[in-house]
Amino acid sequence: METEIKEIHFNTKSAKNDFFDLVDLEDVLNKKPKNHNQFEYHRISFYVILIMTEQEGKHCINFKDYPFKKGTVFNLRKNSIHKFYKSNAKGKLLVFTEDFIIRNSDKTQKLQLLQLFNEMLASSKLQLTNSDYVEIEKVLHQISKEFSTIKDNFSLEIIRSLTQVLILQLFRVKSKMVSFSGKLKYHAKFLRLHDLIEKECFTNKKVTYYATKMGVTPKSLNIITKEIIGKRTKSFIDEVVIFKIKGLLLNNQLSYSEIAYQAGFNEPTNFFKYFKKRTGLTPKQFQESNP
């Protein structure tokens with residue numbers, strides 16, 4: 001295990017493009033990066049759409065393993081923690097920043113992007129039917145052609161538009177499996193709440209704090225989280241806290257006391273009890289199960 005979870009920033013081979021990259025999965029699996037190991041946990045500061053085109057295998061996102069086959073799509077939002085496993089699989093990674101896809105987008109398109117990539121709303125994994133895969137592959141082929149072959153002054157904007165089309169197509173497929181429209185009025189508030197909790201949960205774990213920040217009552221906040229993810233707000237806060245603690249536990253330069261302090265606990269014993277109650281594992285057992 002590495003000494004810490006590396007944060008990977010957007011980096012493209014093209015000097016003209018600071019927002020988008022298209023990468024073959026085989027290249028990712030075969031290269032030897034200087035700043036991290038792709039087969040160890042690493043955190044990304046950008047968005048990724050990973051489309052599997054051949055072979056089977058598994059991929060780990062936020063400490064959970066997902067099997068894949070042809071037609072599997074993984075949507076990873078920024079700040080996701082993931083790792084690859086060695087395989088002969090083939091696929092394409094669309095790598096882009098938030099600015100790239102949101103530029104010129106309206107509020108509805110931005111909300112759809114956040115909904116598609118938020119693992120709290122639905123799984124990061126999407127399995128396409130044969131017919132859906134054919135349609136997605138057509139758009140992917142057009143993106144690849146613009147990116148690798150044409151590469152003129154119009155290509156970047158065309159790629160941006162095609163990527164937005166791809167996201168809409170994936171959102172359409174996901175909407176068949178998960179009902180977004182019925183709870184649409186709560187989605188924007190939920191996504192704002194999620195962002196607040198991710199930023200402040202180590203210093204503030206109380207529902208009343210987030211209700212005040214959002215200008216609503218704790219009861220209203222519970223209605224939002226129960227409608228969207230079927231959980232009370234406190235359970236949602238705890239879930240985000242545990243995810244962030246797991247990231248710290250994989251940094252073997254930190255002691256349990258240091259992790260407890262960073263996570264907002266005055267005593268390590270309270271930290272141990274909190275983690276064990278919500279995961280069924282001690283911090284040491286979690287570390288040992290994630291070598």
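Notes on the structure follow. (Residues numbered from 1 in each chain as written. Predicted model: local features only at pLDDT ≥ 70, side-chain atom pairs only at ≥ 80, totals over all residues. Heavy atoms only, no water.)

1. A closer look at the state of the cysteines
- The full count for this structure, using the stated rule, is zero disulfides.
- No disulfide involves Cys-201; its sulfur sits 20 Å from the nearest other cysteine sulfur, which is in Cys-60.
- For Cys-201, a relative accessible area of 1% gives the class buried. (Disulfide = S-S within 2.5 Å. Buried < 20%, exposed > 50% of the residue type's maximum accessible area, 1.4 Å probe, protein only.)

2. Thoughts on the packing of aromatic side chains
- Counted under the stated rule, the structure contains 20 aromatic pairs.
- Both rings, one in Phe-275 and one in Phe-286, keep their centres 6.1 Å apart while their planes meet at 70°; by these two values the pair is edge-to-face. One end of the pair, Phe-275, is in helix H11 (residues 268-279); the other, Phe-286, is in helix H12 (residues 283-288), and 11 residues separate them in sequence. Both residues of the pair, Phe-275 and Phe-286, belong to the buried class.
- What links up through ring pairs into an aromatic cluster is the set Tyr-41, Phe-63, Phe-243, Tyr-256, Phe-265, Phe-271, Phe-272, Tyr-274, Phe-275 and Phe-286.
- Its guanidinium or amino end placed over the ring of Phe-39, Lys-86 lies 5.4 Å from that ring's centre, counting from NZ or CZ.
- Directly above the ring of Phe-202 sits Lys-244, whose terminal nitrogen or CZ lies 5.6 Å from the centroid. (Phe/Tyr/Trp six-rings, centres within 6.5 Å; stacked < 30°, edge-to-face > 60°. Helix = DSSP H or I, 4+ residues; strand = E, 2+ residues; numbered from the N terminus. Lys NZ or Arg CZ within 6 Å of the ring centre and 35° of its normal.)

3. Here's the deal with the sheet that holds strand S9 (residues 90-96)
- Pairing is antiparallel in the open sheet, where five strands are placed in the order S2-S9-S4-S7-S10. At either end of the open sheet lies a strand with only one pairing partner, and these are strand S2 (20-24) and strand S10 (125-127). The sheet shows a mean angle of 15° between the axes of neighbouring strands, direction not considered.
- Pairing of strand S4 (residues 47-54) with S9 involves seven bridges; the strand directions are antiparallel. Its bridge partner lying in S9, Met-52 is registered against Gly-91.
- Sheet strands in contact with helix H4 (residues 130-150) are S2, S4 and S9, and its direction is about 110° off that of S2.
- Across the sheet, helix H5 (residues 155-177) lies against S2, S4, strand S7 (72-76), S9 and S10, angled at about 80° from S10, the strand it touches most. (Pairing = 2+ DSSP bridges. Axes fitted to C-alpha atoms, helices over the stretch in contact; angles between N-to-C directions. Contact = heavy atoms within 4.5 Å.)

4. Focus on the environment of Phe-117
- As for its position among the elements, Phe-117 is in helix H3 (residues 107-117).
- Spatially, the C-alpha atoms of Phe-117 and Lys-284 are 31 Å apart, while their sequence positions differ by 167 residues.
- Filtering out sequence-adjacent residues up to four positions away, Phe-117 remains in contact with Tyr-47, Val-48, Ile-49, Asn-75, Leu-76, Arg-77, Phe-96 and Ile-167.

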